[in-house]
Amino acid sequence: SRSVCVRRCRRRLGCCHGGGCALLRGAEAAMFFAKVENAHRRALELIEVGQKKDALRTLHSVITSKRHRTYSKDLEAVMLLYLELCVELNKGRKAKDGLHQYRNTCQTVPNSLELVVKHFLLKATEAANAAQAKADELIAAGSSAV
């Protein structure tokens, strides 16, 4: 049933879920970006309205797609935003997968990979420090209440 629905949705013939099928949202719909800039703009729009998971899914589909396998400055900007979202949403495996894909993409420009990894480490360190400070506050508040 689901495979039939997927085929029908991809051909836009209508599906068994009614009008707006869930299969056309998210990763399935994000694969149709012709340009990296459009995916980046769409992700920023999704972040503005609070849909960070959908923005991450959109950026992940662009990074892993075979259509965008050549290095560009726009892809670097997408990767930076992608890693910020991964850190914010605690998606370590997705960050790792994205870094592997980007490493293969930017083999001709190693400086870009270095910049992206340093940015990732900076954001991860900031998030870890913030979590540690919050934990210290909770411990201090708990021990003073006793």
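Notes on the structure in this doc start here. (Residues numbered from 1 in each chain as written. Predicted model: local features only at pLDDT ≥ 70, side-chain atom pairs only at ≥ 80, totals over all residues. Heavy atoms only, no water.)

Per the secondary structure count, the protein includes 7 helices and 0 strands. Taken from the N to the C terminus, the helices and strands of the protein come in the order α-α-α-α-α-α-α. Relative to its 146 residues, the protein shows a buried fraction of 31%. Pairs at least 24 apart in sequence give 55% of the contacts found in the protein among residues at least 6 apart. Of the roughly 9600 Å² of accessible surface on the protein, 54% is carried by carbon and sulfur atoms. (Helix = DSSP H or I, 4+ residues; strand = E, 2+ residues; numbered from the N terminus. Buried < 20%, exposed > 50% of the residue type's maximum accessible area, 1.4 Å probe, protein only. Contact = heavy atoms within 4.5 Å. Areas by Shrake-Rupley, 256 points an atom, 1.4 Å probe, with all protein chains shown as cover.)

Our focus in this paragraph is the packing of helix α4 (residues 52-64) against helix α6 (residues 92-105). Here α4 crosses α6 at 30 degrees, and the two axes come no closer than 9 Å. What the angle tells us is that α4 and α6 run roughly parallel. Every pair of crossing elements has a handedness; the one defined by α4 and α6 is left-handed. In contact with Leu 56, His 60, Ile 63 and Thr 64 of α4, α6 contributes Lys 94, Asp 97, Gly 98 and Gln 101. (Axes fitted to C-alpha atoms, helices over the stretch in contact; angles between N-to-C directions. Parallel < 35°, antiparallel > 145°, perpendicular 65-115°, else oblique. Left-handed = near helix turned anticlockwise from the far one by under 90°.)

One finds Leu 59, Met 79, Tyr 82, Leu 83 and Val 116 to be the most contacted residues of the largest nonpolar core, which totals 26 residues. Of all the secondary structure elements, the ones that give two or more residues to this core are α3 (36-48), α4, α5 (73-88), α6 and α7 (110-145). It is α5 that provides the largest number of residues to this core, a total of 10 residues. (Core = buried A, V, L, I, M, F, W, Y, C linked by side-chain atoms within 4.5 Å.)

The subject of this paragraph is α3. For α3, with 13 residues, the first-to-last C-alpha span of 19 Å sits near the 18 Å given by 1.5 Å per residue. Turning to α3, its buried residues are Val 36, Ala 39, Ala 43 and Leu 46. Projected down its long axis, α3 carries its buried residues within an arc of 85 degrees, all on one side. Taken together, the buried residues of α3 touch α4 and α5. Looking one or two residues beyond α3, the residue adopting positive phi is Gly 50, at roughly 90 degrees. (Expected span 1.5 Å × (residues − 1). Arc of directions from axis to C-beta.)

What follows concerns the side chain of His 119. Tracing the backbone shows His 119 in helix α7. A relative accessible area of 18% places His 119 in the buried class. Setting aside its immediate chain neighbours within four residues, His 119 contacts Leu 80 and Glu 84.

Take the pattern of salt bridges next. Inspection of the entire model under this criterion finds 6 salt bridges. One salt bridge connects Glu 126 with Lys 123, and the closest N-O pair in it is separated by 3.9 Å. In this pair, Glu 126 and Lys 123 both sit in helix α7, 3 residues apart, roughly one turn of the helix. Residue classification places Glu 126 among the partly exposed positions, given a relative accessible area of 41%. (Salt bridge = Lys/Arg side-chain N within 4 Å of Asp/Glu carboxyl O.)

Quick look at the side chain of Ser 112 now. Assignment of secondary structure puts Ser 112 in helix α7. The exposure class of Ser 112 is buried, given its relative accessible area of 3%. Excluding residues within four positions of it along the chain, Ser 112 makes contact with Tyr 71, Glu 76 and Tyr 102.

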